[in-house]
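Listed below, chain by chain, are the residues.
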Amino acid sequence: MEPTLAVIGLDFRTSPVGVRERFWISEARRDETLHHLVRSEGVEEVVVLTSCNRTEFILWASDVPTAANSVLRFLTQEYQIKLCEWSHFYRLMDDLALSHLLRVASSLDSMVVGEPEITDLVREAWLQAHEAGTTGRFLDAVMQKALAVSERTRIETAFGSSVASVPFASVELSKAVLGDLAGCEVLLIGAGKMSELAAHYLNEAGAGNVKVMNRTPERAQELARKIGAKAVSYEDRLLHLKTADILVSSTASPQCILSREEAESIAHKRGRKPLVMIDIAVPRDIDPQVRDVEGIYLFDMDDLEQIVQRNAVGQLAAAEAAEKIVQAEVQGFRRK
């Protein structure tokens, strides 16, 4: 068998958030994963791409079945994968793998079709693998092509110009529970891009008195200055949840930061006044059992996906044009 491109992974289409969070690989662990896999049977080069919606192993494989077994062994050793969970993973090779990567980088395969964040994540995954020495001539060429095609789809079409994003969906869900958001108090836990976007849309919808907290106080202060909010201490999160109307949580914590017991205590002290919790982290920040607490309305990425899909109709024509570019590039790259 000749060496070929292969992609092994799972995403929001093949698995719910409860499965995706099991196989999420933190940035700190990705180097270790890259070095482990590049030394494995059947694998010559490797890039690891992880986000809230996918975990993918992008391989230049000397033997795809052997490489797939190497990935399965890794997942068994590190994540104790069950056979029923392996069924959530797709295994693509050759042109199908190339088409998939170009679609991912161009945001055609995203939960939020057209969102620009995935392109940055693809670039970061490639750079990390390149610096780790796990890519070479073949994957470097593939990843470079994927990013170039992403740029071309945005330049030559209207793709991505009017995106119904996950943070935007947070506003829709908040309105469904609270009605008019004018004067609502918002608590952001996490100071990344998703928190910033959520604050922007909530502010446009009338919500005020935005508070930002992060385990690193300097990051909370930086975002607070940027969006005209107030930075507060992460250690006081339960105190601030007593007065908040909307919580948006988007941290990189590997464990839950809010338990069912804590939520029950908060709800009791609030007199069961409605509190919307938007958990856009993977792994999830909030214990899923919080859904059962009276007065608290918890939504996670699976809930947000339904809102996003309903608002994605306007992207269809631009997405079709972008798809044609991707497929033409696949054929051209293949010939080359």
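The preceding data block contains the structure.
Below or above, wherever it landed, is the structure these notes cover. Just so you know, these numbers come straight off a predicted model, no measurement behind them.

Here is what the cut-offs are and how they apply
Residues numbered from 1 in each chain as written. Predicted model: local features only at pLDDT ≥ 70, side-chain atom pairs only at ≥ 80, totals over all residues. Heavy atoms only, no water. Pairing = 2+ DSSP bridges. Helix = DSSP H or I, 4+ residues; strand = E, 2+ residues; numbered from the N terminus. Phe/Tyr/Trp six-rings, centres within 6.5 Å; stacked < 30°, edge-to-face > 60°. Buried < 20%, exposed > 50% of the residue type's maximum accessible area, 1.4 Å probe, protein only. Axes fitted to C-alpha atoms, helices over the stretch in contact; angles between N-to-C directions. Contact = heavy atoms within 4.5 Å. Arc of directions from axis to C-beta. Expected span 1.5 Å × (residues − 1).

## Digging into the sheet that holds strand β8 (residues 246-249)
Okay, so step 1: An order of β7-β6-β5-β8-β9-β10 is seen for the six strands of this open sheet, with the pairing classed as parallel. The outermost strands of the open sheet, each flanked by one partner alone, are β7 (230-231) and β10 (296-299).
Okay, so step 2: Relative to strand β9 (residues 275-279), β8 is paired through four bridges, and the arrangement is parallel. Bridge pairing in β9 places Val-248 opposite Ile-278.

## Regarding the packing of aromatic side chains
Okay, so step 1: For the coordinates displayed, the defined rule picks out six aromatic pairs.
Okay, so step 2: Between Phe-23 and Tyr-79, the aromatic rings sit 6.0 Å apart at their centres with planes inclined by 55°, giving tilted as the arrangement. With Phe-23 in the loop between α1 (17-20) and α2 (27-38) and Tyr-79 in helix α3 (residues 64-79), this pair connects stretches of sequence that are 56 residues apart.
Okay, so step 3: The exposure class of Phe-23 is buried, given its relative accessible area of 1%.
Okay, so step 4: Taking relative accessible area as the criterion, Tyr-79 reaches 7% and is therefore assigned buried.
Okay, so step 5: A ring pair is formed by Trp-60 and Phe-138, whose centres lie 4.4 Å apart and whose planes are at 5°; its orientation type is stacked. Of this pair, Trp-60 sits in strand β3 (residues 54-61) while Phe-138 sits in helix α7 (residues 137-156), placing them 78 residues apart in sequence.
Okay, so step 6: Given a relative accessible area of 32%, Phe-138 falls into the partly exposed group.
Okay, so step 7: Among the aromatic residues, ring-to-ring pairing joins Phe-23, Phe-57, Phe-74, Tyr-79, Trp-86 and Phe-89 into one connected group.

## Description of the sheet that holds β3
Okay, so step 1: One open sheet holds the four strands; their spatial order is β2-β3-β1-β4, and the pairing between them is antiparallel. Of all the strands in the sheet, just β2 (43-51) and β4 (90-93) have a single pairing partner and so form its edges. Ignoring strand direction, the axes of neighbouring strands in this sheet form an average angle of 15°.
Okay, so step 2: As paired elements, β2 and β3 share eight bridges and run antiparallel to each other. Among the inter-strand pairings, Leu-49 is bridged to a residue of β3, identified as Glu-56.
Okay, so step 3: Lying over the sheet, α2 contacts β2 and β3, oriented at roughly 155° with respect to β2.
Okay, so step 4: Running at roughly 55° to strand β1 (residues 4-11), helix α5 (residues 94-105) makes contact with β1, β2, β3 and β4 of the sheet.

## Some remarks on helix α10 (residues 217-227)
Okay, so step 1: Buried within α10 are the following residues: Ala-220, Leu-223 and Ala-224. Here the buried residues of α10 occupy an arc of 105° about the axis, which is enough to place them on one side. Exposed residues on α10 whose side chains face more than 90 degrees from its buried face are Glu-218, Glu-222, Arg-225 and Lys-226.
Okay, so step 2: For α10, the secondary structure elements touched by its buried residues are α9 (193-204), β6 (208-213) and β7.

## Comments concerning α2
Okay, so step 1: A rise of 1.5 Å per residue sets the reference length of α2, with its 12 residues, at 16 Å; its end C-alpha atoms lie 17 Å apart and thus fit the reference within 8%.
Okay, so step 2: Taken together, the buried positions of α2 are occupied by Arg-30, Thr-33, Leu-34 and Leu-37. Projection of α2 onto a plane perpendicular to its axis shows the buried side chains occupying an angular sector of 105°, all on one side.
Okay, so step 3: Structurally, α2 contributes buried residues whose contacts are with β2, β3, α3 and α6 (117-132).

## Section: unusual backbone geometry
Glycine aside, a negative phi is what most residues show, and trans is what most peptide bonds show.
Okay, so step 1: The amide bond that connects Val-282 to the next residue, Pro-283, takes the cis arrangement and shows omega of 0°.
Okay, so step 2: Among the structural elements, Pro-283 can be located in the loop between β9 and β10.
Okay, so step 3: In this model, Gln-80 sits at a positive phi of 50°, which is unusual for a non-glycine residue.
Okay, so step 4: With respect to the helices, strands and loops of the structure, Gln-80 is situated in the loop between α3 and α4 (83-86).
Okay, so step 5: In this model, Ser-107 sits at a positive phi of 70°, which is unusual for a non-glycine residue.
Okay, so step 6: Turning to its location among the elements, Ser-107 is positioned in the loop between α5 and α6.

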